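Reading the structure
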Amino acid sequence: MTATDRQRAIPALYMRGGTSKGVFFLPADLPPDPSTRDRVLMRVVGSPDPYEKQIDGMGGATSSTSKVVIVGPSTRPDCDVDYWFGQVAIGQPVIDWSGNCGNLSAAVGPFAIHRGLVRPAGDGIAVVRIWQANLGKRIIAHVPVRGGQVQELGDFELDGVTFPAAEVRLEFLDPGGGEGPGSAMFPTGRAADVLTVPGVGEIRATLVNAGNPTVFVAASSLGLAGTELQPDVNSRADLLARAEAIRAHAAVAMGLAPDAAQATAHRQHTPKLAFAAPAAAYTAASGRAVGAGDIDLNVRIFSMGKLHHAMTGTGAVAIAATAAVPGTVLADVLGGARGELRFGHPSGTLKVGAQAHGRDGRWSVALVAMSRTARRLMDGVVLVPPWE
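Report on the accompanying structure. Per chain, the residues get numbers from 1 upward, laid out in the order the sequence is written. Confidence filtering applies because this is a predicted model: local features only for residues at pLDDT of at least 70, side-chain atom pairs given and counted only at 80 or more, and all residues used for totals across whole chains, interfaces and linings. With hydrogens and water stripped out, all remaining heavy atoms of the structure feed into the side-chain values.

**Considerations on the overall build of the chain**
Tallying secondary structure elements over the chain gives seven helices and 20 strands in all. We compute the radius of gyration over the C-alpha atoms and compare it with the globule rule, which gives 2.2 Å times the number of residues raised to the power 0.38. On C-alpha atoms alone, the chain measures out to a radius of gyration of 20 Å, which is about the 21 Å that the 2.2 N^0.38 rule sets for 388 residues. When its C-alpha atoms are laid out on the principal axes, the chain stretches across 65 × 45 × 45 Å. In the chain, which comprises 388 residues, the proportion classed as buried is 54%. Any pair of residues with heavy atoms lying within 4.5 Å of one another is described as a contacting pair. A fraction of 64% describes how many contacts in the chain between residues 6 or more apart in sequence connect residues 24 or more apart. Working definition of accessibility: Shrake-Rupley area with a 1.4 Å probe, residue cover restricted to the visible protein chains. Accessible area for the chain stands at about 15,800 Å²; split by element, carbon and sulfur atoms hold 52% of it. Helix and strand assignments come from DSSP, with helices taken as H or I runs of at least 4 residues and strands as E runs of at least 2, each series counted from the N terminus. Think of it in three bands: residues with accessible area under 20% of the maximum for their type are buried, residues over 50% are exposed, and the middle band is partly exposed, with areas taken using a 1.4 Å probe on protein chains only.

**A short note on helix H2 (residues 105–114)**
Within H2, 10 of the 10 residues are buried, leaving the element largely enclosed by the surrounding structure. Among all positions of H2, only Ser105, Ala106, Ala107, Val108, Gly109, Pro110, Phe111, Ala112, Ile113 and His114 are buried.

**Here we look at the pairing of strand E13 (residues 272–278)**
In terms of burial, E13 is a largely internal element, six of the seven residues being buried. Note on pairing: two strands pair once DSSP finds at least 2 bridges between them. Relative to strand E16 (residues 297–303), E13 is paired through six bridges, and the arrangement is antiparallel. Bridge assignment links phenylalanine 275 to a residue of E16, and that residue is arginine 300.

**Looking at the packing of aromatic side chains**
Planes of paired rings set the category: under 30 degrees apart is stacked, over 60 is edge-to-face and the rest tilted, where pairs are Phe, Tyr or Trp rings (Trp by its six-membered ring) whose centres lie within 6.5 Å. In this structure the tally under the stated criterion is two aromatic pairs. Lying across the ring of tryptophan 131, arginine 76 places its NZ or CZ 3.6 Å from the centre. Either the NZ atom of lysine or the CZ atom of arginine qualifies as a charge over a ring when it sits within 6 Å of the ring centre and within 35 degrees of the ring normal. When the ring centre of tyrosine 282 is taken as origin, the NZ or CZ atom of arginine 300, which lies over that ring, is 4.5 Å away.

**Re the environment of alanine 318**
Note on placement: alanine 318 falls in helix H6 (residues 313–323). Using a relative accessible area of 0% as the deciding quantity, one classes alanine 318 as buried. Along the backbone, alanine 318 and valine 215 are 103 residues apart, and their C-alpha atoms lie at a distance of 9.2 Å.

**Brief notes about the pattern of salt bridges**
Salt bridges, as used here, are contacts in which a Lys or Arg side-chain nitrogen is within 4 Å of a carboxyl oxygen on Asp or Glu. Applying the stated criterion across every chain yields a total of 17 salt bridges. Ionic pairing is found between arginine 129 and aspartate 80, a salt bridge with its closest N-O pair at 3.0 Å. Taken together, the positions of arginine 129 in strand E6 (residues 124–132) and aspartate 80 in the loop between strand E3 (67–73) and strand E4 (81–88) put the pair 49 residues apart, joining distant regions of the chain. Look at the salt bridges and you will find they share partners, linking Arg76, Asp78 and Arg138 into a network.

**Considering the environment of alanine 324**
Mapped onto the elements of the fold, alanine 324 is located in the loop between H6 and helix H7 (329–334). For alanine 324, a relative accessible area of 13% translates into the label buried. Residues alanine 324 and aspartate 238, spaced 86 residues apart in sequence, show a C-alpha to C-alpha distance of 33 Å. Residues in contact with alanine 324, not counting those within four places in the same chain, are Ala337, Arg338, Gly339, Ala354 and Ala356.

**Concerning the pairing of E16**
Judged by how many residues are buried, E16 sits mostly within the fold: seven of seven residues are covered. Across the two faces of E16 the burial is the same, with Leu297, Val299, Ile301 and Ser303 and Asn298, Arg300 and Phe302 all buried. When E16 meets strand E18 (residues 340–345), the two strands line up parallel, connected through two bridges. If you follow asparagine 298 over to E18, its bridge partner there is glycine 344.

Below, the structure written as structure tokens:
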């Protein structure tokens, strides 16, 4: 056996964060060249896979389980770690580094402690200050610790995750907007726009930068009730095509892509497309009944071309920020802007809240808070064929 026949072992931690899971790395353990690094990371998760199963890798063949994370010491004095998130396409050779995963954000603080990047002492709550390098935003993670180690087990239940675990509270600081042209919380300067989408027609939408770039439309504009689960949507190729057309044209309107074709081919992770409807009863994917009185509205979100099985963490951030602003699609569904609400998603319900402030037509949100859970699934190395 020659050296080129041997697989390379890369230290890694396989973690669940919220309703997602991914492979976590330290920067020093990956190739420094970005193109080589991406090729290696795709091989880790088993992409590109024309069978869309990721059998020969760590990915789980869904958008929620085809993810990679890099966490290292921060270069900023106001943060402890820098965090990069990569959404790995399943059937194409693409890693989209344009956005964040709010669910896996819950695992970043625990990973930092597990790898010695942050060293808490004693028992209580360790505060980990995270720089989300994809978006240029700060996240504060409140991680329970015991004896200086992450306390992973607990009784906090999160809809979309089968087993309870310890609560990790996240604070997304100033999640709306950013620096540069087109990066305001509402990049068009309006709380709602009318998009003209070839083959679809005119669609009223709210285009927002909060958590991730997100597009909100009324469920009725897609011919939906807002109570749908994955099988109701993902089996309909015509519906998925319409949704992608809306998403791609919204990306152009937001200044995120030069044309719709480019958005579909190279910017699949962001913006997300979500649809909302007034509160209505439905049966969640777990079989649990969700009553109309349990929620303020229903929201579903697409991720990488398919309906998400629950709600993305950044989608929850975007919902909180958008619902707090008058004139948005969500505020209209609610009958007025709301600073705190509980929404229904395919796996259950989630409570979010935000305070929005408007000045001279520009809106900002100081903080969005939510709770998730996180847990190590495997600690060791991943084996990758030689890439030289």
